[in-house]
Amino acid sequence: MRKFGFSIMLFLILFSSYECENIKVTFLAQWYPQAQFAGFYYAKEKGIYEKYGLDVEILDSGPSRIIFSNIMPDEVDFFTLFLSSAIVKYDYSYKIVNICQLSQKSGLIFVSKKEAGIESPADLAGKRIGVWYEDFNEIPLSFLRDHEVEAQVTGIKSSIDLFLMDGIDSMGVMWYNEYDQIYLSGIDHENLNTIFFSDYDYNIPEDGIYCSEYFYTENPQLCEKFVKASLEGWRMAFENKREALDIVTNYMKKAHVATNRAHQSWMLDRMEELFLVDDKKFGVLYEEDYKKCEGILADNYFLENRIGFDNFAKNVIED
């Protein structure tokens, strides 16, 4: 009887230990470590993922490891993408779903030096314009077509050097990233002109959290945990920016990415502006935003088929 009781106790201890193990998942952002992804790093380093029962491995990314170029959606559990890029990938038969929309406002702009005289989309006609090569170029190219801008478009990878050396007249950049890099390179704000896409009915949100359709179907509760933990990480990062920046710069150093705290601080402030928008709930992909983005992509020949909001969006956080 004692031996039987001991066996039951041992089983319960082992079972309890097994149950307490955190679930291992992988996460990949669409670019190098930087404050654009501060909330994920904060959630990892401050034990927020662990609180939700997750053991999250954050993988390094960058231009040499763009999602779907060198890594497929079934090789990582969760990843970030621009909304426009994700819709295009879905149409290419990569069945991925949006489980959380982080940004609620577009951060895309065309920037130019004052002397170029570019103050509106019409002024871009005949100019040399730098646009990203891949994965992020759908909206800038559509913007130019919809505004009937005929220009010399040059593909760029990730550097602002061509702009600084006057190899191009204007460049598609992110408000939170390359625009500030240009300023830190010695060109004052008053010597720059900007065309914000959001001012021209092109307010298409960008960063969202994605996974494969199959992974979501098989693991809906796991997806919910990851989203809720990530959103908590983002809120805490915004509330504790100094600590969040310490964490971000550590990740950058480990990945051997050049770090500039002033730039990362600017980026984190801009992410807060883009993520926390008064009339929208953080984490939700709104149907009107999806339809606007899908319509722009279809009208500009980036899509062969309309996907539909219900097929693409699996909002873990309800409006």
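Residues numbered from 1 in each chain as written. Predicted model: local features only at pLDDT ≥ 70, side-chain atom pairs only at ≥ 80, totals over all residues. Heavy atoms only, no water.

(A) Summary view of the packing of aromatic side chains. Summed over the entire model, instances satisfying the criterion amount to 30 aromatic pairs. Ring centres 6.0 Å apart and planes at 75° place the aromatic pair Trp 132 and Phe 136 in the edge-to-face group. A single burial state applies to Trp 132 and to Phe 136, both of which are buried. Feature note: the residues Phe 27, Phe 40, Tyr 49, Phe 78, Phe 215, Phe 226, Trp 234, Phe 238, Phe 275 and Phe 282 constitute an aromatic cluster, connected by ring pairs. The positively charged end of Lys 95 is found above the aromatic ring belonging to Tyr 90, 4.8 Å away from the centroid. Across the ring face of Phe 163, the terminal group of Lys 113 is positioned such that the distance to the ring centre comes to 5.5 Å. (Phe/Tyr/Trp six-rings, centres within 6.5 Å; stacked < 30°, edge-to-face > 60°. Buried < 20%, exposed > 50% of the residue type's maximum accessible area, 1.4 Å probe, protein only. Lys NZ or Arg CZ within 6 Å of the ring centre and 35° of its normal.)

(B) View of the environment of Tyr 210. With respect to the element layout, Tyr 210 can be found in strand β10 (residues 207-212). In this structure Tyr 210 comes out as buried when scored by relative accessible area, which is 0%. A polar contact of 3.1 Å, which involves the side chain of Tyr 210, links it to the side chain of Asn 98. (Helix = DSSP H or I, 4+ residues; strand = E, 2+ residues; numbered from the N terminus. Polar contact = N/O pair within 3.5 Å; in protein donor to acceptor, adjacent residues only side chain to side chain.)

(C) Just the side chain of Arg 270, in detail. As for its placement among the helices and strands, Arg 270 is situated in helix α11 (residues 261-275). Residues contacting Arg 270, with those up to four places away along its chain left out, are Trp 175 and Tyr 176. (Contact = heavy atoms within 4.5 Å.)

(D) Main features of unusual backbone geometry. In this structure, Asp 166 is a non-glycine residue whose phi angle is positive, near 65°. Positive phi values are uncommon outside glycine, yet Tyr 301 reaches one of about 70°. Turning to its location among the elements, Tyr 301 is positioned in the loop between α12 (287-299) and α13 (309-312). By relative accessible area, which is 73% here, Tyr 301 ends up exposed.

(E) Just the sheet that holds strand β1 (residues 23-28), in detail. Spatially, the five strands line up as an open sheet ordered β2-β1-β3-β10-β4, and their pairing is mixed. Looking along the sheet, the strands with just one partner apiece sit at the ends: β2 (54-59) and β4 (96-101). For this sheet, the mean angle separating the axes of adjacent strands, direction not counted, is 35°. Relative to β10, β4 runs antiparallel, the two sharing five bridges. Within β10, the residue paired with Asn 98 across the bridge is Tyr 210. Where helix α2 (residues 38-45) meets the sheet, it contacts β1, β2, β3 (78-82) and β10, and its direction lies at approximately 135° from that of β2. (Pairing = 2+ DSSP bridges. Axes fitted to C-alpha atoms, helices over the stretch in contact; angles between N-to-C directions.)

(F) Highlighting the nonpolar core. Within the largest apolar cluster, 109 residues are counted, with the highest numbers of intra-cluster contacts made by Trp 234 and Phe 312. Per element, the largest residue contribution to this core is nine residues, and it comes from helix α9 (residues 220-239). Residues contacting Phe 312, with those up to four places away along its chain left out, are Leu 83, Ala 86, Ile 87, Tyr 90, Ile 96, Val 97, Asn 98, Tyr 210, Leu 285, Tyr 290 and Ile 307. (Core = buried A, V, L, I, M, F, W, Y, C linked by side-chain atoms within 4.5 Å.)

(G) Looking closely at the packing of α2 against α9. Where α2 meets α9, the axes come as close as 7 Å, and the angle between the chain directions of the two elements is 100°. Of the possible angle classes, the one that applies to α2 and α9 is roughly perpendicular. In contact with Ala 38, Gly 39, Phe 40, Tyr 42 and Ala 43 of α2, α9 contributes Phe 226, Ala 229, Ser 230, Gly 233, Trp 234, Met 236 and Ala 237. Here the residues of the contact of α2 with α9 are counted per class, giving nine nonpolar, three polar and no charged. (Parallel < 35°, antiparallel > 145°, perpendicular 65-115°, else oblique. Nonpolar A, V, L, I, M, F, W, Y, C, P; charged D, E, K, R; others polar.)

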